[in-house]
Amino acid sequence: MINTVERVTELAAHRNLSMADLSKVSGVPSTTLRSARIRQSQLSVDVIERLCSAMGISLSEFFDEKAQ
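Conventions used here
Residues numbered from 1 in each chain as written. Predicted model: local features only at pLDDT ≥ 70, side-chain atom pairs only at ≥ 80, totals over all residues. Heavy atoms only, no water. Salt bridge = Lys/Arg side-chain N within 4 Å of Asp/Glu carboxyl O. Helix = DSSP H or I, 4+ residues; strand = E, 2+ residues; numbered from the N terminus. Buried < 20%, exposed > 50% of the residue type's maximum accessible area, 1.4 Å probe, protein only.

Participant: Just to check I follow, could you spell out the pattern of salt bridges for this structure?
Facilitator: Pairs can form between side chains of opposite charge once their charged atoms are near each other. Summed over all chains, the structure comprises 2 salt bridges. Close ionic contact of Arg7 with Glu10 constitutes a salt bridge, the shortest N to O distance being 2.6 Å. Of this pair, Arg7 and Glu10 both sit in helix H1 (residues 4-14), 3 residues apart, roughly one helical turn. Here Arg50 and Asp46 are joined by a salt bridge, their closest N and O atoms 4.0 Å apart. Remark: Asp46 and Arg50 occur in helix H4 (residues 45-55); sequence separation between them is 4 residues, near one turn of the helix. Using a relative accessible area of 45% as the deciding quantity, one classes Asp46 as partly exposed.

This is the structure in structure tokens:
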């Protein structure tokens, strides 16, 4: 099972985006990302879609661990 928070962090880093920058461009509150990391919980599909859109990738690319 993919850890969605780690995957977001990995993809953002590959695009030279900090989590704060990604939060700003996606409209996803930084507290949402921080809470998910602290609680070791998964992100919702809605949040993942917004983050993917901000990074210019599709959901299928997000879940393809081979893709950067």
